[in-house]
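# Structure at a glance
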Amino acid sequence: MMKSDIPKEKFEIIGADESQQELIGRARVSYMKDAWRRLKENKTAMAALVVLCFLILMCIIGPMISGHSFEEINPAHRNQPPSSEHWFGTDRLGRDLFTRVWTGGRVSIIIGVSAALIAAVVGILYGGICAYFGGMVDVIMMRILEIFASVPSLIYVVIFSIVLGNANLTTILVALCVAAWVGPARLVRGQMLQIRNQEFVLAAQALGVSSFKIILKHMVPNTLSVVIVAITFAVPGFIFTEAFLSFIGLGVQPPNTSWGALVAMAQSEFMFFPYQMFFPAIMIALTMLSFTLFGDGLRDALDPRLRK
Amino acid sequence: MKPLVEVKGLKKYFNVGRNTVLKAVDDLSFTIYQGETLGLVGESGCGKTTCGRTILKLYEPTGGSIIYNGKDMNTKQPRSEIMNFKKSAQIIFQDPYSALDPRMTIEEIISEGISVHYRKTRSETAEIVNELLTKIGLTGDFANRFPHELSGGQRQRVGIARALAVNPDFIVCDEPISALDVSIQAQIVNLLISLQKERNLTYLFISHDLSMVKHISDRVGVMYLGNLVELADSETLFAEPKHPYTKALMSAILTADPDFEKVRERQKLQGEIPSPINPPSGCKFRTRCPYADGSCAQTVPELREVSPGHFTACVKE
């Protein structure tokens, strides 16, 4: 038999005087504050945020400062290049493109952000219910989800756009969201299933923390960062889908416009008046890039393990 | 000595598919007395962890009773009684990496239980957390850190502090040292021993490290496939094991003497632990037991007292 009795004195806490302690005691910071601090340190993400704010600001005030209305047709000023009168030029009906780009931006950004939010909320609820109840509920709900996921989402979008008819903001949103919640739902379910089996959830149960509080304090915060990042990455996707819908004529109808509709309109004149496509296209590209870069920064900021 | 936890005929079955049941813990009975440490040993998959978690009602028991302080916690109890039980019975986990929420600071983790069971102001809570951190050998500085900034041993200390925060009487230590390296193991075990003396704690110490179990436990139970095969006080069990499985386990302990190690006889077990989904009939150990014969397949051996305080479940003994 082995001798396992290590003298206890060898492992006594002998204490340490102040001078030997680590000096840097961090000030108390909340989780969100800390994330914000780390986000601010990320130059790329902050640049993307500045660009996004600028784009949103211009969408709000742009149409007002140009001095033209977005539906005002002026046959005398058709297909004009950018000038001091029309900053982005005019289209083939003589409408001011500067005004139309920012008016269209409103539609594009509103659709992109709200579709991503709706998809995320539905996805969190659906995935959360799957993970929380488990068993048969989970099996049935996941099969339904898989049926939705097995049809290419563009087909839903096109069919819904046609069925709902006279396309406006609401119908486009509905069409986009029919299939869009599938991704977030899967993500949330997977994440929650993983967290539910972590020992810190068991520890909370052993401490007598109520189920509601466990979901609120452990499950949701550990899922949320993934969801927030998914939302920011989804926004450019929706803007792009809307642009595609408008491009093939199923999206926003004239005289209303969006970036996609503007690009579609400019397509026929592209050989002669490329600037008509340049401005809306660059806005789409800038928005998508900014959202992607910002999402990237947000993911890093929300993960305390990446803290330096 | 007064019994604190009496486990009678505890069963925990898991459904693992259509018509298949995994009997992780099957008809387990033992008693833990106030102020003692009961060690629970056995190889991986024998149901030690399930047993510990079921006693704390983290898993809903399939059957049997868990009598804590005279009250059967596996029957309907008023809410106040359940909360009392949660306050006085705590657990320390095996894996210090998944046992702490990565999005909470150490202070939030330790104070979680305090906010459930006690009414304290924020500054009072901070004071208690500070005290606990000092008690377990960390400093107040750690309060604002996140778990990923701590080493394995430090995290395990935080796990201990979280359990202590609600002033428990009984702690299930679920392999608290197996994820730590050897020098840290000794620190944690000695911390547990000194906390036990100071606060008159009762431990159920689950481990597969036999020498550690001997070091900390007053009595030791040996588990095999969801059952206890032997239960005796620590000295007796290690000096004269009765059950063939215990004997095999004991002979697997390495000694610090290389000369003795060369000549000593080791009893090697053949084969793997059978699946708890379809355990052997009769004595579950008979498929690997060197002494097994026909009678072992017929009767399920009961835990019998072979000498005072020494129980074993073998028909041969």
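Because the structure is a prediction, the values reported are computed rather than measured.

## Section: the overall build of chain B
The helix and strand tally for chain B stands at eleven helices and twelve strands. Taken over C-alpha atoms, the radius of gyration comes to 21 Å for chain B, in line with the 20 Å a tight globule of 317 residues would show. Going through the 317 residues of chain B one by one, you find that 54% of them count as buried. Across chain B, contacts joining residues at least 24 apart in sequence account for 63% of those joining residues at least 6 apart. With the model as given, the accessible surface of chain B reaches about 13,600 Å², and the carbon-plus-sulfur share is 48%. Seen as two clouds, the 38 positive and the 38 negative side-chain charges of chain B have centres 5 Å apart.

## Describing the nonpolar core
The biggest cluster of nonpolar side chains holds 88 residues, and the ones touching the most others in it are F30, I55, F170 and L204 of chain B. In terms of residues, this core owes the most to one element, helix α6 (residues 182–199) of chain B, which gives six residues. When residues of this core are assigned to domains, at least three map to each of domain 1 (1–205) and domain 2 (218–317) of chain B. Contact partners of I55 of chain B, with chain neighbours within four places excluded, come to V5, V7, L10, F30, I66, F85, F170 and L204 of chain B. Counting residues in hydrophobic clusters, the runner-up holds 35 residues, among them A115, I195, L207 and I239 of chain A.

## Focus: the packing of helix α10 (residues 259–267) of chain A against helix α11 (residues 275–301) of chain A
Residue and element names in this part refer to chain A. Their axes nearest at 8 Å, the elements α10 and α11 cross at an angle of 150°. Between α10 and α11, the angle falls in the class roughly antiparallel. Crossing geometry of α10 relative to α11 is assigned as left-handed. From α10, W259, G260, L262, V263, A266 and Q267 reach across to α11, where they touch Q276, M277, P280, A281, M283, I284 and T287. Taken together, the residues of the contact of α10 with α11 break down into nine nonpolar, four polar and no charged.

## Digging into the domain arrangement of chain B
All names here are of chain B. Annotation of chain B at the domain level lists domain 1 (1–205) and domain 2 (218–317). At the junction of the two partners, domain 1 supplies 29 residues and domain 2 supplies 20 residues. A combined buried area of about 1,800 Å² lies between domain 1 and domain 2, and 54% of that area is made up of carbon and sulfur atoms. For the domain 1 face of the interface with domain 2, the top three residues by lost area are V41, E43 and C46, together amounting to 28%. Taken together, the connections running from domain 1 to domain 2 amount to three salt bridges. Note that E43 and R288 form a salt bridge whose closest N and O atoms lie 3.3 Å from each other. Inspection of the region where domain 1 meets domain 2 yields 14 residue pairs in polar contact (both at pLDDT 80 or more). Elements with a contribution of two residues or more to the side of domain 1 that touches domain 2: β2 (21–33), β3 (37–41) and α1 (48–55). Here the residues of the side of domain 1 that touches domain 2 sort into 14 nonpolar, nine polar and six charged.

## With respect to the sheet that holds strand β5 (residues 71–72) of chain B
Pairing between the strands of a sheet comes from backbone hydrogen bonds, and it takes one of two forms, parallel or antiparallel. Residue and element names in this part refer to chain B. Within the open sheet, the four strands sit side by side as β2-β1-β4-β5. Their pairing is antiparallel. In the strand order of this sheet, the two ends are held by β2 and β5, each with one partner. Judged from the two bridges that link them, strand β4 (residues 63–68) and β5 form a sheet pairing that is antiparallel. Within β5, the residue paired with Y68 across the bridge is K71.

## Here we look at the pairing of strand β9 (residues 219–224) of chain B
The two faces of the sheet receive side chains in turn, since in a regular strand these alternate between them. Residues and elements named next belong to chain B. Counting buried residues along β9, six of its six residues qualify, which places the element largely inside the surrounding structure. A two-sided burial pattern is seen for β9, the buried positions comprising R219, G221 and M223 on one face and V220, V222 and Y224 on the other. The pairing of β3 with β9 spans four bridges and is classified as parallel. Paired with L40 across the two strands is G221, which belongs to β9. Here six bridges tie β9 to strand β10 (residues 227–233), and the two strands are oriented antiparallel to one another. If you follow V222 over to β10, its bridge partner there is E230. Between β9 and the antiparallel strand that follows it, β10, lie two residues; L225 among them carries a positive phi value of about 50°.

## Thoughts on the pattern of salt bridges
Opposite charge on two side chains permits them to pair, given that their charged atoms come into close proximity. Residue and element names in this part refer to chain B. Applying the stated rule across the entire model yields 16 salt bridges over all chains. Residue K71 is joined to E81 by a salt bridge in which the shortest nitrogen-to-oxygen separation is 3.8 Å. Of this pair, K71 sits in strand β5 while E81 sits in helix α2 (residues 79–88), and the two are ten residues apart along the sequence. You can call K71 partly exposed: its relative accessible area is 35%. Classification of E81 as buried rests on a relative accessible area of 19%.

Thresholds, definitions, all that
- Residues numbered from 1 in each chain as written.
- Chains lettered and ligands numbered in written order.
- Predicted model: local features only at pLDDT ≥ 70, side-chain atom pairs only at ≥ 80, totals over all residues.
- Heavy atoms only, no water.
- Helix = DSSP H or I, 4+ residues; strand = E, 2+ residues; numbered from the N terminus.
- Rg over C-alpha atoms; globule rule 2.2 N^0.38 Å.
- Buried < 20%, exposed > 50% of the residue type's maximum accessible area, 1.4 Å probe, protein only.
- Contact = heavy atoms within 4.5 Å.
- Areas by Shrake-Rupley, 256 points an atom, 1.4 Å probe, with all protein chains shown as cover.
- Lys, Arg positive; Asp, Glu negative; His and termini not counted.
- Charge placed at Lys NZ, Arg CZ, Asp CG, Glu CD.
- Core = buried A, V, L, I, M, F, W, Y, C linked by side-chain atoms within 4.5 Å.
- Domains from an automatic or database assignment.
- Axes fitted to C-alpha atoms, helices over the stretch in contact; angles between N-to-C directions.
- Parallel < 35°, antiparallel > 145°, perpendicular 65-115°, else oblique.
- Left-handed = near helix turned anticlockwise from the far one by under 90°.
- Nonpolar A, V, L, I, M, F, W, Y, C, P; charged D, E, K, R; others polar.
- Buried area = accessible area lost by both parts, 1.4 Å probe.
- Salt bridge = Lys/Arg side-chain N within 4 Å of Asp/Glu carboxyl O.
- Polar contact = N/O pair within 3.5 Å; in protein donor to acceptor, adjacent residues only side chain to side chain.
- Pairing = 2+ DSSP bridges.

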